[in-house]
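Take a look at the letters that make up each chain.
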Amino acid sequence: MFVQNQWALPRVYKALQPMAHLLPQQIGLLGLNCEDWTNLTTPTVSTIIEPVDQEGREAAEMLLALLDGSSQPGEQRILECKLNWLDSTSI
């Protein structure tokens, strides 16, 4: 089960507590950007960690380049995310 935002993951995790014995053999749980508390749970929760600081810097640089005319709209950049595989997934 993939939980797409950091606000929903605690609720989904709490709802799954009666079925925690099924993690990760029958149910896998993967969250997004919640590394601050997912290492403290039992079972621990796997997360994808986006480079949000770098995303902000890149977005600001792209906006400034558009404003001064040195870049074309639609420029894309791919940033590397970190995967924190923990007990809630069997990977």
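Residues numbered from 1 in each chain as written. Predicted model: local features only at pLDDT ≥ 70, side-chain atom pairs only at ≥ 80, totals over all residues. Heavy atoms only, no water.

Visitor: Quick one: what's the story with the environment of Ala 59, residue by residue and with numbers?
Guide: Summarising the element assignment, Ala 59 is placed in helix H3 (residues 52-67). Ala 59 gets classed as partly exposed once you look at its relative accessible area, which sits at 43%. (Helix = DSSP H or I, 4+ residues; strand = E, 2+ residues; numbered from the N terminus. Buried < 20%, exposed > 50% of the residue type's maximum accessible area, 1.4 Å probe, protein only.)

Visitor: Describe H3, and please don't skip the residues or the numbers.
Guide: Here H3 contains 16 residues, and its C-alpha end-to-end distance of 22 Å stays within 8% of the 22 Å for a straight helix at 1.5 Å per residue. Regarding H3, the residues found buried are Glu 58, Met 62 and Ala 65. Buried residues of H3 fall within an arc of 65° about the axis and therefore sit on the same side. Looking at H3, the residues exposed on the side facing more than 90 degrees away from the buried face are Asp 53, Arg 57, Leu 64 and Leu 67. Phi turns positive, to about 85°, at Gly 69, one or two residues after H3. (Expected span 1.5 Å × (residues − 1). Arc of directions from axis to C-beta.)

Visitor: Break down the nonpolar core for me, with residues and values.
Guide: Core analysis: the largest hydrophobic core is formed by 9 residues, namely Val 3, Leu 9, Tyr 13, Leu 16, Leu 23, Ile 27, Leu 29, Cys 34 and Val 45. The contact partners of Leu 9, leaving out residues within four places of it in the chain, are Val 3, Leu 29, Gly 31, Cys 34, Trp 37, Thr 38 and Val 45. (Core = buried A, V, L, I, M, F, W, Y, C linked by side-chain atoms within 4.5 Å. Contact = heavy atoms within 4.5 Å.)

Visitor: With reference to specific residues and values, describe the sheet that holds strand S1 (residues 30-32).
Guide: Spatial strand order, S1-S2-S3: 3 strands in an open sheet with mixed pairing. Looking along the sheet, the strands with just one partner apiece sit at the ends: S1 and strand S3 (82-84). Strand-to-strand twist of the sheet, defined as the mean angle between neighbouring strand axes without regard to direction, takes the value 20°. Looking at chain direction, strand S2 (residues 46-49) and S3 are connected through 3 bridges and run antiparallel. Its bridge partner lying in S3, Ile 49 is registered against Lys 82. (Pairing = 2+ DSSP bridges. Axes fitted to C-alpha atoms, helices over the stretch in contact; angles between N-to-C directions.)

Visitor: Can you explain a nonpolar patch on the surface? Please cite residues and give values.
Guide: On the surface, a nonpolar cluster with roughly 340 Å² of combined accessible area is contributed by Leu 63, Leu 64 and Leu 67. By the secondary structure assignment, Leu 64 is in helix H3. (Patch = residues over 30% accessible without salt bridge, like charges linked within 9 Å, V, L, I, M, F, W, Y side chains within 5 Å. Areas by Shrake-Rupley, 256 points an atom, 1.4 Å probe, with all protein chains shown as cover. Salt bridge = Lys/Arg side-chain N within 4 Å of Asp/Glu carboxyl O.)

Visitor: Go over the side chain of Thr 41 with me, naming the residues and quoting the values.
Guide: Note on placement: Thr 41 falls in the loop between helix H2 (35-38) and S2. What makes Thr 41 buried here is its relative accessible area of 14%. Of note is the side chain of Thr 41, whose polar atom sits 2.7 Å from the backbone oxygen of Pro 43. (Polar contact = N/O pair within 3.5 Å; in protein donor to acceptor, adjacent residues only side chain to side chain.)

In short, the description is geometric, and any link to function would need to be established separately.
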